[in-house]
Amino acid sequence: MTEPLLSTHGLKAHYGDFQALFGVDIDIKQGETIAIIGANGAGKSTLMRAITGLLKNEPDAIKLRGESIGDLSAPEVLERGISMVPEGRRLFPSLTVEENLLIGAHTRTGNGVWNLASVYEVVPVLKDRRDHPGTALSGGQQQMVAIGRALMSNPDLLLCDELSLGLAPVVIKEIYASFPTIKERGASVVVVEQDIGQAMKVADRVFCMMEGRVTLEGTPEELSREEIHNAYFGVSA
Amino acid sequence: MILVDTLIQGILLGGLYALFAAGLSLVFGVMRLVNLAHGDLIALAAFVILSIGTALNLSPFVAVILAFPIMFAVGWGLQTCLLNHVLGDDILPPLLVTFGLSVVIQNGLLEIFTADSQKLTAGAIEVQSLALGPITVGVTPLLTFVSSVLVIFALNQIFYRTRLGRAFRATSDDSETVGLMGIRPNNVFAVATGIAMVAATIAALYLGIRANFDPSIGPARLLYAFEAVIIGGLGSLWGTLAGGVIIGVAQALGASINPEWQILSGHIAFVVVLLVRPRGLFPRSKD
């Protein structure tokens, strides 16, 4: 069996005295897209923060290609090839669109195909508005800047936290239209979503979380609507 | 003509105040830290220039070049070993720590250099003047003002045109998210404070050539610097130059009416600007 690109083993996370994750086990294979679904407060974003080093953990709780990375800082995790599109986009207001993209490659450019030109090729509107402040764009365009910024480091694993939050359905569709291109160019992707339908469309496998635990795992084809409902809400349909 | 002469003298004096303030403005712009020891660090830089100049028998204009890396290292070390540990959501710890640092620097300088007044001797340039039509200006004040414009210009270029400046601004915006870009905020802060200390060293050069200095001069320099930064708008580098010039002109005008009013006039100008524009003249939009 091939070693997963990333795996978590009994991952726990705390905010002070409050425990947000209770022993989460997931694994992501090379080239795979997985979706993590769950209601508000299920622990999805906490899981992303733990993987990216924003929340410190036990070293062995997270492994990247077998290397323990659970106790690394966010810059150290990025250096190893994991980048994230954070919830709420979190563009830098003082930076233009182009500067927001460039800062994604500030310390790591990787060996992949993503650079300013290839991001502009996938999202031409960003080139037209490259000198505008990043936060002056529409919500959908800001989300594309945030995705482009994360791609600029040519990550092996791209984490996308709540891409569709606060966006119109048509905009969400446009954003997800760029995913096949991202996958083709080699990155494995984790999508955290509350929009179950969208998650099922893009994912090879789905993990459902509730109250800090993984309650369901499977491919979109394997999982029935009723199983997802039960795992998502913790009640019988 | 006397009024024009007074205004020009005030503008040139404002250049010195802008130099006092440039480092303070940079540090505030990057990490929202009000460094109450800034004036004392300017005094420290003046003593460093003096010591190098005396030990190696160098002009202050040469000694300052050797002082740059020393003061950069002082700034970098202070930020790394002390200030980074107190930065956070609560603004009180950094204020208290920099206040304590101010006391430590003053007493340290007093112990090493005594309370005797010192001066940087730059030779003939101190008394040379330049005739600009009917107006005569001193070469040193003119050089001070030109230096302040160059320092502000250079800091502005670093802040808005370089990769380092991009990291400064992004870290100032969101010190957590920059970690996801591979940037270590504490390193960025240390470099910013190092650069601020280089600017403070240039201020110290002209301060030491213009007037006597001793270990206790820091707090008054901090006051002028602080007023210039506030008048200009927190975090705005060109605003800091404007703030320095406004204080300088107000002092020169006050002194032309009555020499006893010089210092008071600068403070009154500060209060008036605050009343009219509480966020300063050119505040950064995000502040």
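Residues numbered from 1 in each chain as written. Chains lettered and ligands numbered in written order. Predicted model: local features only at pLDDT ≥ 70, side-chain atom pairs only at ≥ 80, totals over all residues. Heavy atoms only, no water.

It is worth spelling out the overall build of chain A at this point. Counting secondary structure elements, chain A contains 10 helices and 12 strands. Taking 2.2 N^0.38 as the reference for a compact globule, 237 residues should give roughly 18 Å; the C-alpha atoms of chain A span a radius of gyration of 17 Å, in line with that estimate. Across the 237 residues of chain A, 56% fall into the buried class. Sequence separation of 24 or more characterises 65% of the internal contacts of chain A that already satisfy a separation of 6 or more. If you sum the accessible surface of chain A, you get close to 10,000 Å²; carbon and sulfur atoms cover 49% of it. Averaging the positions of the 22 positive and the 31 negative side-chain charges in chain A gives two centres separated by 3 Å. (Helix = DSSP H or I, 4+ residues; strand = E, 2+ residues; numbered from the N terminus. Rg over C-alpha atoms; globule rule 2.2 N^0.38 Å. Buried < 20%, exposed > 50% of the residue type's maximum accessible area, 1.4 Å probe, protein only. Contact = heavy atoms within 4.5 Å. Areas by Shrake-Rupley, 256 points an atom, 1.4 Å probe, with all protein chains shown as cover. Lys, Arg positive; Asp, Glu negative; His and termini not counted. Charge placed at Lys NZ, Arg CZ, Asp CG, Glu CD.)

Turning our eyes to something else, we now look at the overall build of chain B. From N to C terminus, chain B includes 11 helices and two strands. The helix and strand sequence of chain B, counted from the amino end, reads α-α-α-α-β-β-α-α-α-α-α-α-α. Taken against the 2.2 N^0.38 rule, which gives 19 Å for 287 residues, the C-alpha radius of gyration of chain B at 19 Å falls within 12% of a compact globule. Out of the 287 residues in chain B, the part that is buried amounts to 52%. Within chain B, contacts between residues at least 6 apart in sequence are counted, and of these 75% link residues at least 24 apart. Looking at chain B as shown, the accessible area adds up to about 12,200 Å², and 69% of this sits on carbon and sulfur atoms. Computed over 13 positive and 14 negative side-chain charges, the separation of the two mean positions in chain B equals 14 Å.

Turning to empty space enclosed by the protein, a few remarks are in order. Vacant regions in the atomic arrangement are exposed by a probe of water-molecule size rolled over the atoms. Residue and element names in this part refer to chain A. Tallied over the entire structure, the rule returns three cavities of 30 Å³ or more. Taken as a whole, the largest cavity encloses approximately 60 Å³ of empty space. Around the largest cavity, the lining residues are Trp114, Val119, Val122, Val123, Met144, Ile147, Gly148, Leu151, Ser178 and Ile182. Broken down by secondary-structure element, the contributors of at least two residues to the lining of the largest cavity are helix H4 (116–122) and helix H6 (139–151). Looking at the lining of the largest cavity, the element that brings in the most residues is H6, giving four residues. Taken together, the residues of the lining of the largest cavity break down into eight nonpolar, two polar and no charged. (1 Å grid on protein atoms, 1.4 Å probe; cavity = no way out; pocket = protein on both sides within 12 Å on 5 of 7 lines; lining within 4 Å. Points joined across faces, edges and corners; volume = space filled by probe spheres on them. Nonpolar A, V, L, I, M, F, W, Y, C, P; charged D, E, K, R; others polar.)

Glancing now at the layout of surface pockets. Of the pockets and cavities examined, the largest pocket occupies roughly 580 Å³. Lining the largest pocket are 21 residues; nearest its centre among them are Met31(B), Leu87(B), Gly88(B), Ser175(B) and Phe189(B). Counting only elements with at least two residues in the lining of the largest pocket, the list comes to helix H1 (2–31), helix H4 (92–113), helix H6 (163–173) and helix H8 (185–210) of chain B. Top element by residues in the lining of the largest pocket is H8(B). It accounts for four residues. Its residues assigned to classes, the lining of the largest pocket comprises 10 nonpolar, seven polar and four charged. Computed from the structure, the second largest pocket encloses a volume of approximately 290 Å³. Every residue lining the second largest pocket is counted, 23 residues in all, and those nearest its centre are Tyr15(A), Gly43(A), Lys44(A), Ser45(A) and Thr46(A). Mapped onto the lining of the second largest pocket, the elements with two or more residues apiece are strand E3 (18–24) and helix H1 (44–51) of chain A.

With that settled, the discussion passes to helix H10 (residues 225–233) of chain A. All names here are of chain A. Residues Ile228, Ala231 and Tyr232 constitute the buried set of H10. The buried residues of H10 occupy one face: seen down the axis, they fall within an arc of 100°. Among the structural elements, strand E5 (33–37), helix H9 (196–202), strand E11 (205–210) and strand E12 (213–218) are those in contact with the buried residues of H10. (Arc of directions from axis to C-beta.)

Further remarks concern the environment of Arg65(A). Residues and elements named next belong to chain A. With respect to the helices, strands and loops of the structure, Arg65 is situated in the loop between strand E6 (62–64) and strand E7 (67–68). For the pair Arg65 and Glu3, spaced 62 residues apart in sequence, the C-alpha to C-alpha distance is 6.6 Å. Setting aside residues up to four positions removed in sequence, Arg65 forms contacts with Glu3, Pro4, Leu5, Arg80 and Asp156. There is a polar contact of 2.4 Å between the side chain of Arg65 and the side chain of Asp156. (Polar contact = N/O pair within 3.5 Å; in protein donor to acceptor, adjacent residues only side chain to side chain.)

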